[in-house]
Each structure stands twice: as C-alpha cells, then as structure tokens.
Amino acid sequence: MKIKGSDRKGADTDGENYRAELVGVLGDSVDGNPTGVMEEAGFAHAGLNYRYMTIRVLPEDLDAAMAGVRAFHMRGVNLTMPHKIHVLKYMDELSEAARVIGAVNTVVCRKDGTMFGENTDGKGFVQSLQEEHVALKDRVICLLGAGGAARSIGVECALAGAGKIYVINRNEVRGISLAQTITEHTAARAVWLPWQGTAGIPEDTEILINATCVGLAPQSDACPDIEFGDVKAGMVVCDVVFNPVDTVFLTRARACGARTIDGLGMLTNQGCINFTLWTGREAPREVMYAKLKEEFSGV
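Here the structure is a predicted model, which is why all the values come from computation and not from measurement. (Residues numbered from 1 in each chain as written. Predicted model: local features only at pLDDT ≥ 70, side-chain atom pairs only at ≥ 80, totals over all residues. Heavy atoms only, no water.)

Let us look at the side chain of Asn 119. Relative to the assigned elements, Asn 119 resides in the loop between β6 (115-118) and α4 (121-131). Here the side chain of Asn 119 touches Ser 152 through a polar contact of 2.8 Å, side chain to side chain. Sequence-distant contacts of Asn 119, defined by excluding residues within four places in its chain, comprise Ser 95, Ala 98, Ile 101, Ala 103, Val 104, Asn 105, Ser 152 and Glu 156. (Helix = DSSP H or I, 4+ residues; strand = E, 2+ residues; numbered from the N terminus. Polar contact = N/O pair within 3.5 Å; in protein donor to acceptor, adjacent residues only side chain to side chain. Contact = heavy atoms within 4.5 Å.)

What follows is the structure, encoded as structure tokens:
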C-alpha cells in the first residue's frame, strides 16, 4: 500500500512512509474547536498524509506542550485560549501583525528548528470582506469587543487601510489598550467608547463588527446589547460567531436593511492560511468551506 504522503524531504525510510505529519491546536478548552474538521477535509482532498490533533493543554503545562511540539517534529500548531499570549516567548520570529497584536494563534515549525508566530484571525476576517467586495480603504468601523479576536481584527483592518475605528467595550483598560495599539502602530485613528447598558452605534459607522462570543452556541439566542435603531440601511454588519451561521445579531441587522456577513468565511479563511503555512500548498478553500457549512448548517 502506497500512502500519499508528505512532501517533506528526509523521510526516515526510502520505501513506504507511514509517518504522518502532525499539526493541531493547543488550548483549554478545545473540545468544541472545529478547526480540525476543516483541516482534515483539506488534507484528504489534497492527498496529504497530515493529521490535525485537538489537544487540551492546561496553562501550567504549556512549557511541556511546546517541548512536545518540538520533540514530535510537528509542522505547526494553532493556539487558542489561554495560550495566545504566553506562547510568544517560544517564538523565534513574529509576523508584523502578531507583533502589533501581541498574540499568536498559529505557529509554523521550520525545518531549521525555529518557530514562526502568526496571527490569522484578522487576516481571515479581512479576506472574508474582500470576497464580499467590501473595501476597507478609509472606511469607518465600529468594533464590538476588545478581546483576542477584536484585537486581531482591529489591527488587520487598520493595516488594510481603515480610516477610523471605534472600539466599544465594557472593560475600560482593554478598550483603551486596543485603541492605543491601533493608533500608535497603524495609520488608522481609533477611539474607545464605553459599553454601558445598550450601546449606541456612532452615526458615521460604515462597517459594524461583533467581535465578541455573544450568540455562540449553546447560547444561540443571545445577542450583543446594541441600539439596533442606529443600524442603517446599507451598513455592512459582520459577526465572528460561526455557530450558528446565521446569528440573532445578523438577523436583526438585516431587518434594519443592513448587508450582513457571517463568521463562516473568516473561520474558513484562517484555516486556509494555516493550511498553506504548514504545507506550502494552496488550500482547497471550497472543500474546507463546504465541510464547515455541513458541520454547522446541517446541509
């Protein structure tokens, strides 16, 4: 039996290669992380002998886990909470975005033993806008949240040319920190607005983004507490939540005449970026998107 295997040089034998190339995600909790479903579908379609492992790693075990990544000669890993910041100390090089954001969600293990850290959350989001022909140049964005996803999205939108970004967040320290990061490291202007009670959306907002986890299953009936009367016809409204695909937030925004973009494209795109970083090959996006849609939409 001939296994369609890795294109990596220096296999252990000259004959059959039964060793799979390993990638995965480290986090706590990770039981509901869907990335492996998408990546495995892509590997199978491309005929690559890669395996994606979903691994629970407690905060106190990150040192041992990263040593294991090296010892197992893994091709790379994703990081989810609570490791995106703490993993920085293991990186030999960072992308510009990861450096500015101050967090890594994708690690590439190079053949020379070094580790490269990237943050693909925001890149995946920006690509989803591009796919929907939504321009970012000089646009005014209102960002709900200031957590990890919001930081990545805010920075990448700014690097892609956004002119002004409002950061609405309940935690003043985190909100101000993100606004300052964007203003100091990009050409965009950012300002923090306190989220007290029902949040009003600034009148000049052109793109509204829910970068919180509000509405994610199993709390699918939840919705960010905003003033939907401020959502105008023609406004672009986006949600990072991917399960369910069509959230209450998006449904209510559409009722106001907004154009909506769900979180499935962002999730797929960041998975495709991972795929290419680890394998050196173009990702089969349509296959990966279809697998996720099947997973969350039941179609």
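Strand order in this open sheet of six strands is β2-β1-β3-β5-β6-β4, and the pairing throughout is mixed. Taken across any chain shown, the strands that pair with only one partner, and hence form the sheet edges, are β2 (50-56) and β4 (93-94). Note: strand β3 (residues 76-79) against strand β5 (residues 106-109), three bridges, orientation antiparallel. Within β5, the position partnered with Gly 76 by the bridge is Val 108. Sheet strands in contact with helix α1 (residues 35-46) are β1 (21-27), β2 and β3, and its direction is about 170 degrees off that of β2. Set on the sheet, helix α8 (residues 264-279) makes contact with β1, β2, β3, β5 and β6; between it and β5 the angle comes to about 15 degrees. (Pairing = 2+ DSSP bridges. Axes fitted to C-alpha atoms, helices over the stretch in contact; angles between N-to-C directions.)

Now for the packing of aromatic side chains. In total, this model carries five aromatic pairs according to the counting rule given. When the ring of Tyr 52 is compared with that of Trp 278, the centres are 6.2 Å apart and the planes differ by 45 degrees; the resulting orientation is tilted. Within this pair, whereas Tyr 52 is found in strand β2, its partner Trp 278 is found in helix α8, the two being separated by 226 residues in sequence. Neither Tyr 52 nor Trp 278 differs from the other in exposure class; each is buried. Positioned above the aromatic ring of Trp 195, the side-chain terminus of Arg 170 is 4.4 Å from the ring centre. (Phe/Tyr/Trp six-rings, centres within 6.5 Å; stacked < 30°, edge-to-face > 60°. Buried < 20%, exposed > 50% of the residue type's maximum accessible area, 1.4 Å probe, protein only. Lys NZ or Arg CZ within 6 Å of the ring centre and 35° of its normal.)

Any two side chains of opposite charge can pair, given that their charged atoms come close. Evaluation of the coordinates by the stated rule reveals 14 salt bridges. Asp 28 is the partner of Arg 56 in a salt bridge, and the nearest nitrogen-oxygen pair spans 3.0 Å. Separated by 28 residues along the polypeptide, Arg 56 in strand β2 and Asp 28 in the loop between β1 and α1 bring together distant segments of the chain. According to the relative accessible area criterion, Arg 56 is exposed, its value standing at 58%. Residues participating in the shared-partner salt-bridge network are Arg 19, Glu 21 and Arg 75. (Salt bridge = Lys/Arg side-chain N within 4 Å of Asp/Glu carboxyl O.)

Bringing the pairing of strand β8 (residues 164-169) into the picture now. Both faces of the sheet carry side chains from a regular strand, because those side chains alternate between them. In terms of burial, β8 is largely enclosed, as six of its six residues are buried. Side chains Lys 164, Tyr 166 and Ile 168 of β8 all project onto a buried face; the interleaved residues Ile 165, Val 167 and Asn 169 project onto the opposite face, where all are buried too. As judged from the five bridges shared by strand β7 (residues 140-144) and β8, these two strands associate in the parallel manner. Each residue of the ladder has a partner; that of Ile 141, found in β8, is Ile 165. Between the parallel pair β7 and β8, the chain is carried across by helix α5 (residues 148-159), and the sense of this crossover is right-handed. As paired strands, β8 and strand β9 (residues 189-194) are joined by six bridges and run parallel to one another. Following the sheet pairing, Val 167 is matched in β9 by Trp 192. Following the chain from β8 across helix α6 (residues 172-185) to the adjacent parallel β9, one finds a crossover that is right-handed. (Right-handed = clockwise from strand over helix to strand, strands pointing away.)

Locating Asn 78 in the fold gives a position in strand β3. Among the polar contacts made by the side chain of Asn 78, one reaches the side chain of Tyr 52 at a distance of 2.7 Å. At 3.2 Å, the side chain of Asn 78 forms a polar contact with the side chain of Thr 106. Not counting chain neighbours up to four residues away, the residues in contact with Asn 78 comprise Gly 24, Val 25, Leu 26, Thr 35, Tyr 52, Asn 105, Thr 106, Asn 274 and Trp 278.

A separate point is the environment of Gly 200. Within the fold, Gly 200 resides in the loop between β9 and β10 (207-210). The spacing of Gly 200 and Ile 226 is 26 residues in sequence and 6.0 Å in space, taken between C-alpha atoms. Each residue touching Gly 200, except ones within four places of it in the same chain, is listed here: Ile 168, Glu 227 and Asp 230.

As a further point, take the nonpolar core. Ranked by size, the top nonpolar core spans 34 residues in total, and within it Ile 153, Ile 165 and Ile 209 carry the most contacts. At five residues, α5 tops the list of elements feeding residues into this core. Listed in part, the 20 residues of the second largest apolar core include Val 25, Val 108, Leu 267 and Phe 275. (Core = buried A, V, L, I, M, F, W, Y, C linked by side-chain atoms within 4.5 Å.)

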